[in-house]
Amino acid sequence: MNVLPFDPKVSHPLPTDDLEELAAVWALDAMPPGERAAYREHLVECSTCQALAGDFGGSADLIPLATQRVQPSANLKSRILALVASTRPAMVAPRPRPFAGFWQKRPWAAPALGLLAVTFLALTGILQAELRQRNSQVSEQEALLASISAGASVMNLSATGVAPGASGALVQPQAGNIAYLIVKDLGRLPSGQEYQVWAISSTGPTSAGTFAPSGKPQQILTLEADFRGADKVGVSIEPRGGSPAPSGPIVLFGPG
Amino acid sequence: MPIDEVQDALSTPDVWEEVRRSLESEQVADALQDLPAEQRESILLAFFGGYSYAEVARLTGTPPGTVKGRMRLGLKKLRVLLTDRQPKEGR
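Quick look at the structure, then.

Here we look at the overall build of chain A
Scanning chain A for helices and strands turns up 7 helices and 8 strands. In chain A, buried positions account for 47% of the 256 residues. Long-range contacts, defined here as pairs at least 24 residues apart, represent 65% of the contacts in chain A between residues at least 6 apart. Per element, the accessible surface of chain A, about 11600 Å² overall, is 58% carbon and sulfur.

Observations concerning the overall build of chain B
The number of helices and strands found in chain B is 6 helices and 0 strands. Counting from the amino terminus, chain B carries its helices and strands in the arrangement α-α-α-α-α-α. Burial statistics for chain B: of 91 residues in total, 49% are counted as buried. Taking as baseline every contact in chain B between residues at least 6 positions apart, the subset at least 24 positions apart corresponds to 61%. For chain B, the accessible surface area stands at approximately 4600 Å², while carbon and sulfur atoms represent 49% of it.

Some words on the packing of helix 2 (residues 33–45) of chain A against helix 3 (residues 47–61) of chain A
The relative placement of two packed helices comes down to the angle between their axes together with the axis-to-axis distance. All names here are of chain A. Running from N to C, helix 2 and helix 3 point in directions that differ by 115°, and their axes come no closer than 6 Å. Here the hand of the crossing between helix 2 and helix 3 comes out left-handed. Of helix 3, the residues touching helix 2 (which contributes Tyr39, His42, Leu43, Val44 and Glu45) are Ser47, Cys49, Gln50 and Ala53. In the contact of helix 2 with helix 3, the residues fall into 5 nonpolar, 3 polar and 1 charged.

Quick word on the environment of A:Arg36
All names here are of chain A. Position of Arg36 relative to the elements: it lies in helix 2. When the C-alpha atoms of Arg36 and Leu22 are compared, they prove to be 9.6 Å apart, with 14 residues separating the residues in sequence. A polar atom in the side chain of Arg36 sits 3.4 Å from the side chain of Asp29.

Quick word on the nonpolar core
Of all hydrophobic cores here, the largest spans 45 residues; its most connected members are A:Leu28, A:Tyr39, A:Ile63, B:Met71 and B:Leu75. Going through the elements one at a time, helix 1 (17–27), helix 2 and helix 3 of chain A together with helix 3 (25–34), helix 4 (37–47), helix 5 (53–60) and helix 6 (64–84) of chain B are the ones with two or more residues in this core. Sorting elements by how many residues they give to this core places helix 1 of chain A first, with 7 residues. A:Met155, A:Leu170, A:Tyr195 and A:Ala208 belong to the second-largest nonpolar core, a separate cluster that totals 25 residues.

So, the environment of B:Val56
All names here are of chain B. With respect to the secondary-structure elements, Val56 resides in helix 5. Residue class for Val56 comes out buried when judged on its relative accessible area of 0%. For the pair formed by Val56 and Ala46, sequence separation is 10 residues and the distance between their alpha carbons is 7.1 Å.

Regarding the packing of aromatic side chains
Applying the stated criterion to the full structure yields 2 aromatic pairs over all chains. Aromatic side chains A:Trp26 and A:Tyr39 sit 5.4 Å apart centroid to centroid with 50° between the ring planes, which places their arrangement in the tilted category. In this pair, A:Trp26 is assigned in helix 1 and A:Tyr39 in helix 2, connecting sequence segments 13 residues apart. On the basis of relative accessible area, A:Trp26 is assigned to the buried category, the value being 5%. The side chain of B:Lys68 reaches across the aromatic face of B:Tyr53, ending 4.9 Å from its centre. Seen from the ring of A:Phe56, B:Arg79 lies directly overhead, with NZ or CZ sitting 5.7 Å from the centre.

A word on the environment of A:Ser201
Residues and elements named next belong to chain A. Relative to the elements of secondary structure, Ser201 occurs in strand 4 (residues 193–201). Look at Ser201 and you get partly exposed, because its relative accessible area is 22%. Those residues in contact with Ser201, other than ones at most four positions away along the chain, are Gly229, Ala230 and Asp231.

Focus: unusual backbone geometry
All names here are of chain A. Cis rather than trans, the peptide bond between Gly254 and Pro255 has omega equal to -5°. Inspection of the secondary structure assignment puts Pro255 in the segment after strand 8 (250–254). A positive phi angle, near 55°, is found at Asp29, a position not held by glycine. In this structure, Asp29 sits in the loop between helix 1 and helix 2. One non-glycine residue, Asp185, lies in positive phi territory at about 60°. Tracing the backbone through its elements, the reader meets Asp185 in the loop between strand 3 (179–184) and strand 4.

Here is what the cut-offs are and how they apply
- Residues numbered from 1 in each chain as written.
- Chains lettered and ligands numbered in written order.
- Predicted model: local features only at pLDDT ≥ 70, side-chain atom pairs only at ≥ 80, totals over all residues.
- Heavy atoms only, no water.
- Helix = DSSP H or I, 4+ residues; strand = E, 2+ residues; numbered from the N terminus.
- Buried < 20%, exposed > 50% of the residue type's maximum accessible area, 1.4 Å probe, protein only.
- Contact = heavy atoms within 4.5 Å.
- Areas by Shrake-Rupley, 256 points an atom, 1.4 Å probe, with all protein chains shown as cover.
- Axes fitted to C-alpha atoms, helices over the stretch in contact; angles between N-to-C directions.
- Left-handed = near helix turned anticlockwise from the far one by under 90°.
- Nonpolar A, V, L, I, M, F, W, Y, C, P; charged D, E, K, R; others polar.
- Polar contact = N/O pair within 3.5 Å; in protein donor to acceptor, adjacent residues only side chain to side chain.
- Core = buried A, V, L, I, M, F, W, Y, C linked by side-chain atoms within 4.5 Å.
- Phe/Tyr/Trp six-rings, centres within 6.5 Å; stacked < 30°, edge-to-face > 60°.
- Lys NZ or Arg CZ within 6 Å of the ring centre and 35° of its normal.

Structure follows, in structure tokens:
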């Protein structure tokens, strides 16, 4: 079934606003799979749309440059962008990207949907919940990227012997009382324990909040805390609800 | 042109490679900031979030056609902003 508003085999004599929209969506790799396949087929036939797609693609390909302004060091920049990029299907080369959507992750869902209306209702709920979760995650990523591009400071956190292989970075925007903590490969904790974040200055450690591991390789956490006066940042394992001062083992600490 | 080569041919036009080489990341970040918020949101959600335009529409409560229009206008404006900010030869 053709999902384009025209026959993919036609060649357009002149660009139009609608054709520009398709080219822009293609350039951002924002077409659903079926539409993408049809448009790809059309591009072989239509020099007008080839030119449009190339033009919009050129604009889109510049977007990753905006994320290369992390201070204070190139090393930190590489590290945090690698952390953030690890949850994105395509940060530098958006087209083509692996489709990371709901259906591809759950190929079993489609036949189930066709079999049972009850399943349909359940899946609808799952999809809505996932979209809400993804929306939240992307909002955080977008805010994080905005912070980075606006010259936020970044503190690199290293794993201690307690959690070898873990890593993290704290992004402190120039303004506001919110910071972002990116943690990677932090292990699960026994029931009754949480991770606690500490802003450490000459006056001692101050709690910046607690969090439970998500079970995913990477978490981006929004902390309602100001790290601008902190020299160091630490993450420790504490009893659920947190401690007034670090009492458990430190799993992440930095900058080193 | 074989279909598998279409993407490669489209994604690396020389003119944009020239622009890319001369641009600073700060210019791109500033240009993104100068886009209208709705256009920036649609572009960033698609580009970094990996959402399709239909998903962006759903997430933002906006008609899909409007999202596509924002993507088009946003990328066009981004191009204008960045080409305007290019240092002119001899200046």
